[in-house]
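# Overview (structure and organization)
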Amino acid sequence: MKRALVTGGAGLIGSHVADLLRREGWTVRILDNLEPQTHRGGRPAWIAPDCDFVEADLGDRATIRAALEGIDVVFHQAAYGGYMPEIAKYVQVNSLGTAQMLEVIREAKLPLRKVIVASSQAVYSEGAGHCPEHGRVYPPVRPLEQLRRGDWSVHCPICGAVISSVPTPEEAPIGGETVYGLTKVDQEKLVLFWGKQLGIPTVALRYSCTYGPRQSIFNPYTGVIAIFCTRLLNRLPPILYEDGEQTRDFSFVEDIARANLLAAETDALDGFAVNIGSGRGVSIREIAEQISDALGIRIPPEARGEFRPGEMRHLTSDITRVRAAGYEPKVELADGIGRYLDWIRAQKDVRDYFSEAAEILRHKGIVHRVAPT
Ligand SMILES: NC(=O)c1ccc[n+]([C@@H]2O[C@H](COP(=O)([O-])OP(=O)(O)OC[C@H]3O[C@@H](n4cnc5c(N)ncnc54)[C@H](O)[C@@H]3O)[C@@H](O)[C@H]2O)c1
Ligand SMILES: [Zn+2]
């Protein structure tokens, strides 16, 4: 029998990891502080009664120490996510919280077999591109001045030509152009370096945009699929940043959970940062339209000339590395959206929290508008 600690195990990904591990015969302990923004209704009903549930903050050293007792593999999913206005809290929860957990493991000489950390495609500055003249290039984040003119294109860093998007492999430069992205870089580097120093196998999984049942319907700062669903169910138009033609790679949460199990079981990924995605890019406008069709609520999405500086234009994950280790995404986007909609329809309070949040983001300068000409 293997014993897992799933941090953030009350959340979207962590709870599905916990369920899959239990089905595979693991014993599971969850550590989660039930972050109020995500869990407005308190402890979610989906936490299985046979999981040992520890309600605690990642920053609580003594509790972390106790929660790590007798554990073989840590699935470190807890994080402060999305486009929240805070800066210090990201660093505190994600960077410091991870650093502290690693310190505790080292100091107590805990005999862990592996640590898997949830990283993100947000570690990349911009998706890889193809320049007609220079082939594959890694463009930097688009400058604010360009975005303020309403020019959303991505340019070749060598010749300036407009380039097309191609899948991004792990060797692409990482930087983190948002506070969240920066702290995901911290988390994955801390875990990978630390593991190499201690001889403990580690894996950083760079998830693409993940969606599915249990994605918080309360948190207006994350998950475009969840936000568009709650908007449409409230008969409000989905809001597109830029022109809605930016593309992302979407993963159904059960696929992400399977990637975690694979990373725990194989040694082929040890020591690596690994993209986990579908390998396919979809525009945000297409997502809005698919949800609208599936719900039968036909309210066209609106692009209001708003954008988020630091946000990448295109990101499709190149999943060659994880495929070589035996991973294959299984759930198609249309099926996954259908399953999310079945779940969300069964929820009682599907309010629109986005309108108020959007105002706060504008006020704090996280969302900008195109400059008037
Ligand atoms: N959902 C995505 O699209 C996506 C994409 C890439 C990476 N990730 C990463 O995957 C992980 C899980 O994300 P998710 O989508 O399941 O988010 P989520 O918000 O549903 O789950 C995160 C969980 O962590 C808990 N948590 C937050 N702060 C904590 C703290 N200080 N102490 C203890 N627990 C805390 C929350 O209560 C929540 O249950 C995160 O590390 C996130 O950065 C998510
Ligand atoms: Zn070029």
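The coordinates are above.
Here is a short report on the structure shown in this document.

Definitions and limits used
Residues numbered from 1 in each chain as written. Chains lettered and ligands numbered in written order. Predicted model: local features only at pLDDT ≥ 70, side-chain atom pairs only at ≥ 80, totals over all residues. Helix = DSSP H or I, 4+ residues; strand = E, 2+ residues; numbered from the N terminus. Rg over C-alpha atoms; globule rule 2.2 N^0.38 Å. Buried ≥ 20, exposed ≤ 12 C-beta atoms within 10 Å, placed from the backbone. Contact = placed C-beta atoms within 7 Å. Core = buried A, V, L, I, M, F, W, Y, C linked by C-beta atoms within 7 Å. Near = placed C-beta within 6 Å. Nonpolar A, V, L, I, M, F, W, Y, C, P; charged D, E, K, R; others polar. Pairing = 2+ DSSP bridges. Axes fitted to C-alpha atoms, helices over the stretch in contact; angles between N-to-C directions. Parallel < 35°, antiparallel > 145°, perpendicular 65-115°, else oblique. Left-handed = near helix turned anticlockwise from the far one by under 90°. Bend = angle between axes of the 7 residues up to and from the residue.

This part covers the overall build of the protein. Secondary structure summary: the protein contains eleven helices and 18 strands in total. Taken over the C-alpha trace, the protein has a radius of gyration of 20 Å; the compact-globule value for 373 residues is 21 Å, and the two agree within 12%. Considering only C-alpha atoms, the protein reaches an extent of 60 × 50 × 35 Å along its principal axes. Residues counted as buried form 47% of the 373 residues belonging to the protein. For the protein, contacts bridging at least 24 residues in sequence account for 82% of all contacts bridging at least 6.

Below, the discussion takes up the nonpolar core. Within the largest apolar cluster, 84 residues are counted, with the highest numbers of intra-cluster contacts made by Ile-116, Leu-205 and Ile-225. Once you skip the residues sitting within four places of it in the chain, Leu-205 turns out to touch Ile-116, Ala-118, Ser-119, Ala-259, Asn-260, Ala-263, Val-274 and Ile-276.

Here we take up the site of ligand 1. Residues in close proximity to ligand 1 total 27 residues, the closest being Gly-8, Gly-11, Leu-12, Ala-79 and Ser-120. Contributing elements (two or more residues each) for the shell around ligand 1: α1 (12–23), α3 (88–107), β5 (114–120) and β10 (209–211). The element that contributes the greatest number of residues to the shell around ligand 1 is α1, accounting for three residues. Along the lines of polarity and charge, the residues of the shell around ligand 1 split into twelve nonpolar, twelve polar and three charged.

With six of its six residues buried, strand β9 (residues 202–207) lies for the most part within the structure. Residues Thr-202, Ala-204 and Arg-206 of β9 are buried on one face, and the alternating residues Val-203, Leu-205 and Tyr-207, pointing to the opposite face, are buried as well. Judged from the six bridges that link them, β5 and β9 form a sheet pairing that is parallel. Among the inter-strand pairings, Ser-119 is bridged to a residue of β9, identified as Arg-206.

With that settled, consider unusual backbone geometry. Here the phi dihedral of Leu-34 falls at roughly 50°; this positive angle occurs in a residue that is not glycine. Among the structural elements, Leu-34 can be located in the loop between β2 (27–32) and β3 (52–55). Judged by local crowding, Leu-34 falls into the partly exposed class, with 18 C-beta atoms found within 10 Å.

A separate point is the packing of helix α8 (residues 284–295) against helix α10 (residues 333–345). Geometrically, a packed helix pair is captured by the angle between its two axes and the distance between the axes. The N-to-C vectors of α8 and α10 enclose an angle of 55°; their axes lie 10 Å apart at closest approach. Classed by the angle they form, the pair α8 and α10 counts as oblique. For the pair α8 and α10, the sense of crossing is right-handed. Contact residues: Gln-290, Ile-291, Ala-294 and Leu-295 in α8; Ala-334, Ile-337, Gly-338 and Leu-341 in α10.

On to α3. For an α-helix, 3.6 residues make a turn, and residues three or four places apart therefore share a direction. At Leu-96, α3 is deflected by roughly 30°, the largest bend along its length. Burial in α3 covers these residues: Tyr-90, Val-93, Asn-94, Gly-97, Thr-98, Met-101, Leu-102 and Ile-105. On its buried side, α3 packs onto α2 (61–67), β4 (73–76) and α5 (179–198). With its phi angle positive at about 50°, Lys-109 sits one or two positions after the end of α3.

In this section: the sheet that holds strand β1 (residues 3–7). Taking strand neighbours across the sheet as the criterion, the seven strands line up as β3-β2-β1-β4-β5-β9-β14 in an open arrangement whose pairing is parallel. Here the strands that pair on one side only, and so sit at the sheet edges, are β3 and β14 (273–276). When strand polarity is set aside, the average angle formed by the axes of neighbouring strands in this sheet is 20°. As defined by bridge partners, β2 adjoins β3 across four bridges and the pair is classed as parallel. Looking at the pairing, Ile-30 lines up with Phe-53 of β3.

Okay, the environment of Glu-55 next. Examined against the element boundaries, Glu-55 turns out to sit in strand β3. Glu-55 has contacts with Asp-32, Asn-33 and Leu-34, leaving out every residue within four places of it along the chain.

A few words now on the environment of Pro-238. Within the secondary structure, Pro-238 sits in the loop between α6 (224–233) and β11 (239–240). You can call Pro-238 buried: it has 25 C-beta atoms within 10 Å. A sequence separation of 54 residues divides Pro-238 from Ser-292, and the C-alpha atoms of the two residues are 9.2 Å apart.

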